[in-house]
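Each chain, written out:
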Amino acid sequence: MSEAIDYRQAHATGAITITGVSKSYGRHKALDDVSLALDPGSVTVIVGPSGSGKSTLLRTLNHLERVDRGLIQIDGDYIGYQRRGDRLYELKEKAILRQRVNVGYVFQNFNLFPHLTVLENLIEAPIAHRQLSKRDAVARAGELLDIVGLRHKADAWPRHLSGGQQQRIAIARALMLNPRVMLFDEPTSALDPELVGEVLDVIKKLARSGTTLVIVTHEIGFAREVADNVVFMVDGKIVEQGSASQVLSNPRHERTRRFLARVL
Amino acid sequence: MNRDQQQLKVVPARYPARTVGAIVALFILAGVVESVALNPRWEWGVFARWFFDPVILHGLGQTLLLTLLGTVFSLIFGGLLALARLSSSWLLSTLAWGYIWLFRSLPLIVVLIILYNFSYLYDTLSFGVPFTALAWGHFQTINVLGQFPAAVIGLTLVQAAYSAEIIRGGFLGVDHGQIEAASALGLSATRRTFRIILPQALRAIIPTAFNEIISLAKGTAMVYVLAMPELFYTIQMIYNRNQEVIPLLMVGAAWYLIITTVLSAIQHGVERWLARSVTRDPHPSRWRQWRSRLNPVAAHEEISHVRSH
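Everything numeric in this text was worked out from a predicted model, so none of it was measured.

Here we look at the overall build of chain A
On a plain count of helices and strands, chain A comes out with nine helices and 12 strands. Expected size for 264 residues packed as a compact globule is a radius of gyration near 18 Å; at 18 Å, chain A falls within 12% of this value. Counting only C-alpha atoms, chain A reaches 50 × 50 × 35 Å along its principal axes. Every one of the 264 residues in chain A was classed for burial, and the buried ones make up 48%. Expressed as a percentage of contacts within chain A between residues at least 6 apart in sequence, the contacts between residues at least 24 apart total 66%.

As structure tokens, this is what we get:
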């Protein structure tokens, strides 16, 4: 598992700008005036206690969740809106779907399509978007299955794979569309401890491949190893952010220190 | 295991009560078979004489045709109703709910008789835009809504209401994560519905749907109120003339039995095919093996050290 991922162009894209984003469910404030700027190609790890809004923030980035207030931009494009002059026009479903092609999403529960084989799971989206012909899609799927080390499982059903294998397939599926941004929502939380490593290894290979990664996780050791930025959230607010060594080793805030003391 | 344990013998548990129960059941079954076969009043000769009679076969044909058309139309219409009920449009879902409420409340026999008497309510039917003079055709109701169309429409209208709920239930049973995953990949609503959700919903839909199809096959007997010569009405006509009531009813019963058996066999096949991705047997079907041979994504040895199944 050593070959680098070199199919992306060298010039990095995938800059994310989050400005004053808020989101409530009824009276509960899931996100409270969150602002964040992420460089193209960077690796960001979001940590925090459960219910702190980490996953909600991730879901707003590809419009699985609408925001109540604030703006999100990826490479200057407003997620969910189109800017013309001084106005933001809400996008229709079709345009939102097109925006999502640039943003890969990996779920905690993998969410592979159980009625499709591994190969069919991978080629579904690029064929639906007419990005690739069937033959090219199959070829590309082969490359990505090599990268996640599962080429021999191309014709298997998802249910016959271990959790770790399913998550590696889910990552390959998200990469099929060549996204500029990859979002990981607790990718190892549903896995047996002995399977966590194989998934984290795949994510490590993606780091510094040019794709911007945003990862919600509880794996602090992993964050220390790969993250350019670490963001610590509590109650829908960003408490602290900075380099991995700064936030994880020398936290400035009392709340961060207490959290790290408990998870480490 | 030591030497002593190696010589131990395993004695399977015995259940004498089960054996007794089986013998009693077989005894009762033999008694029933004996009485049915040997009591001359069942008149099996008459049964044999009528079983393949052209008149009966014609009635059977009508029953099968009604079942087929009723199933196809009600599944299509019911599918649309289910999508309407699940739609985020308030108007659509309310309209669909109202339709289902109405046609689940009305007995089939009432719907059939109203349709058959439609020409009394409306002399002509026209095809055009309501509230305008635009129309592309006028028809005499009595010519359009004969016995057969009335029967098909009646069965479809009522059956669609039930099909809609079955299909909706199947859709609701699919894990919400599947819809999210499909959305995250940017798949369109149509593709999400037909390629991702429907195939998974089918596993829940099929058993209940076949229940409904079997009910429909027998329920077509209800159209005898339209004096339509399907299987049951044909049998009634014959026994009213020759008074051989029981043997002719047996002819009908045997044919309904055969229809249900064939439908059950089809159901079994469809369910097995749909379960292919969940069975523990990891071998792909012959079709898939053949296809992957044409389209080889060559098998490489596993690179990482995962446990494999």
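Notes on the overall build of chain B
Looking only at helices and strands, chain B has 14 helices and two strands in total. The buried share among the 309 residues of chain B stands at 26%.

Some words on the confidence of the model for chain B
Residues and elements named next belong to chain B. With 90% of its residues at a pLDDT of 70 or more, chain B shows a mean pLDDT of 86. When pLDDT is averaged over each helix and strand of chain B, the minimum, 65, is found for helix H14 (residues 286-294) and the maximum, 96, for helix H5 (residues 90-105). This stretch, residues 298-309, has a pLDDT under 50; its non-local contacts, to residues over four places away or in other chains, come to 19 contacts. Of the two predicted TM-score estimates for the complex, the pTM is 0.79 and the ipTM is 0.88.

Points about helix H3 (residues 118-128) of chain A
The buried count for H3 of chain A comes to nine of 11 residues, which makes it a mostly enclosed element. Inspection of H3 of chain A places Val118, Leu119, Asn121, Leu122, Ile123, Glu124, Ala125, Pro126 and Ala128 of chain A among the buried residues, and these make up the whole buried set. Among the structural elements, helix H4 (134-147) and helix H5 (163-175) of chain A together with helix H11 (189-219) of chain B are those in contact with the buried residues of H3 of chain A.

A look at the environment of Trp44 of chain B
Residue and element names in this part refer to chain B. Residue position: Trp44 is located in helix H3 (residues 44-51). With 14 C-beta atoms counted inside 10 Å, the residue Trp44 sits in the partly exposed group. Trp44 sits 202 residues away from Ile246 along the chain, and the two C-alpha atoms are 9.7 Å apart.

As for the sheet that holds strand S11 (residues 229-234) of chain A
Residues and elements named next belong to chain A. Overall, mixed pairing links the six strands, which are arranged S8-S9-S10-S3-S11-S12 in an open sheet. One side of each edge strand has no neighbouring strand; the edge strands of this open sheet are strand S8 (103-106) and strand S12 (237-242). Within the sheet, the average angular offset between the axes of one strand and its neighbour, ignoring direction, is 15°. Across four bridges, S8 lies against strand S9 (residues 181-185) in parallel orientation. Considered in S9, the bridge of Gly104 is made with Met182.

Digging into the nonpolar core
Taken as a class, soluble globular proteins show a tendency for nonpolar side chains to be buried jointly. The biggest cluster of nonpolar side chains holds 127 residues, and the ones touching the most others in it are Leu144, Val148, Ala172, Leu183, Val214 and Val230 of chain A together with Ala151 of chain B. Counting residues per element, this core draws most heavily on helix H9 (residues 147-172) of chain B, at 13 residues. The residues contacting Val230 of chain A, other than those within four sequence positions of it, are Val45, Val47, Ala223, Gln241, Gly242, Ala244, Val247 and Leu248 of chain A.

Section: the packing of helix H4 (residues 54-86) of chain B against H5 of chain B
Any two packed helices are characterised by the angle at which their axes cross and by the distance between the axes. Residues and elements named next belong to chain B. Here H4 crosses H5 at 130°, and the two axes come no closer than 7 Å. With respect to H5, the axis of H4 lies oblique. Viewed along their axes, H4 and H5 form a crossing whose handedness is left-handed. Here Leu81, Ala84 and Arg85 of H4 come into contact with H5, specifically with Leu92, Ser93, Leu95, Ala96, Trp97, Tyr99 and Ile100.

Remarks on the packing of H4 of chain B against H11 of chain B
All names here are of chain B. Interhelical geometry of H4 versus H11 gives an angle of 140° and a closest axis separation of 9 Å. Taken as axis vectors, H4 and H11 run oblique relative to one another. Crossing handedness for the pair H4 and H11: right-handed. On H11, the residues that touch Thr67, Gly70 and Thr71 of H4 are Ile213, Leu216 and Ala217. Looking at the contact of H4 with H11 residue by residue, the classes come out as three nonpolar, three polar and no charged.

Here's the deal with the pairing of S11 of chain A
Residues and elements named next belong to chain A. With five of six residues buried, S11 lies mostly within the body of the structure. In the sheet, strand S3 (residues 43-47) pairs with S11 via four bridges, with the strands oriented parallel. Residue pairing across strands places Ile46 opposite Val231, the latter belonging to S11. Of the strand pairs in this sheet, S11 and S12 are connected by five bridges, and their pairing is antiparallel. The residue bridging Met233 from the neighbouring strand is Ile238, located in S12. In this antiparallel pair of consecutive strands, S11 and S12, the connection spans two residues, and Asp235 shows a positive phi of 50°.

Some details on unusual backbone geometry
All names here are of chain A. Although it is not a glycine, Arg130 adopts a positive phi angle of roughly 55°. If you trace the backbone, Arg130 turns up in the loop between H3 and H4. On the basis of neighbour count, Arg130 is assigned to the exposed category, with 7 C-beta atoms found within 10 Å.

Some words on the sheet that holds strand S2 (residues 28-38) of chain A
All names here are of chain A. The strand order S2-S1-S4-S5 describes an open sheet built from four strands, whose pairing is antiparallel. Looking at the sheet topology across the chains shown, the edges are occupied by S2 and strand S5 (77-78). Examined bridge by bridge, strand S4 (residues 69-74) and S5 share two bridges and lie antiparallel to one another. Of the residues in S5, the one forming a bridge with Ile74 is Asp77.

As for the pairing of strand S1 (residues 124-128) of chain B
Residues and elements named next belong to chain B. With zero of five residues buried, S1 is to be regarded as a mostly surface element. Pairing analysis gives five bridges linking S1 to strand S2 (residues 135-140), with the strands arranged antiparallel. Bridge pairing links Thr124 to Gln140 in S2. A loop of six residues connects S1 with S2, the two strands running antiparallel in sequence, and Phe131 in this loop sits at a positive phi of about 65°.

Focus: the environment of Trp157 of chain A
As for its position among the elements, Trp157 of chain A is in the loop between H4 and H5. Of the residues examined, Trp157 of chain A has 21 C-beta atoms within 10 Å and is grouped as buried. Aside from chain neighbours lying at most four places away, what touches Trp157 of chain A is Thr117 of chain A together with Ser277 of chain B.

Considerations on the environment of Leu257 of chain B
Within the fold, Leu257 of chain B resides in helix H13 (residues 245-274). Separated by 39 residues in the primary sequence, Leu257 of chain B and Lys218 of chain B have C-alpha atoms spaced 9.8 Å apart.

So, how was this worked out
- Residues numbered from 1 in each chain as written.
- Chains lettered and ligands numbered in written order.
- Predicted model: local features only at pLDDT ≥ 70, side-chain atom pairs only at ≥ 80, totals over all residues.
- Helix = DSSP H or I, 4+ residues; strand = E, 2+ residues; numbered from the N terminus.
- Rg over C-alpha atoms; globule rule 2.2 N^0.38 Å.
- Buried ≥ 20, exposed ≤ 12 C-beta atoms within 10 Å, placed from the backbone.
- Contact = placed C-beta atoms within 7 Å.
- pLDDT = per-residue confidence, 0-100.
- Pairing = 2+ DSSP bridges.
- Axes fitted to C-alpha atoms, helices over the stretch in contact; angles between N-to-C directions.
- Core = buried A, V, L, I, M, F, W, Y, C linked by C-beta atoms within 7 Å.
- Parallel < 35°, antiparallel > 145°, perpendicular 65-115°, else oblique.
- Left-handed = near helix turned anticlockwise from the far one by under 90°.
- Nonpolar A, V, L, I, M, F, W, Y, C, P; charged D, E, K, R; others polar.

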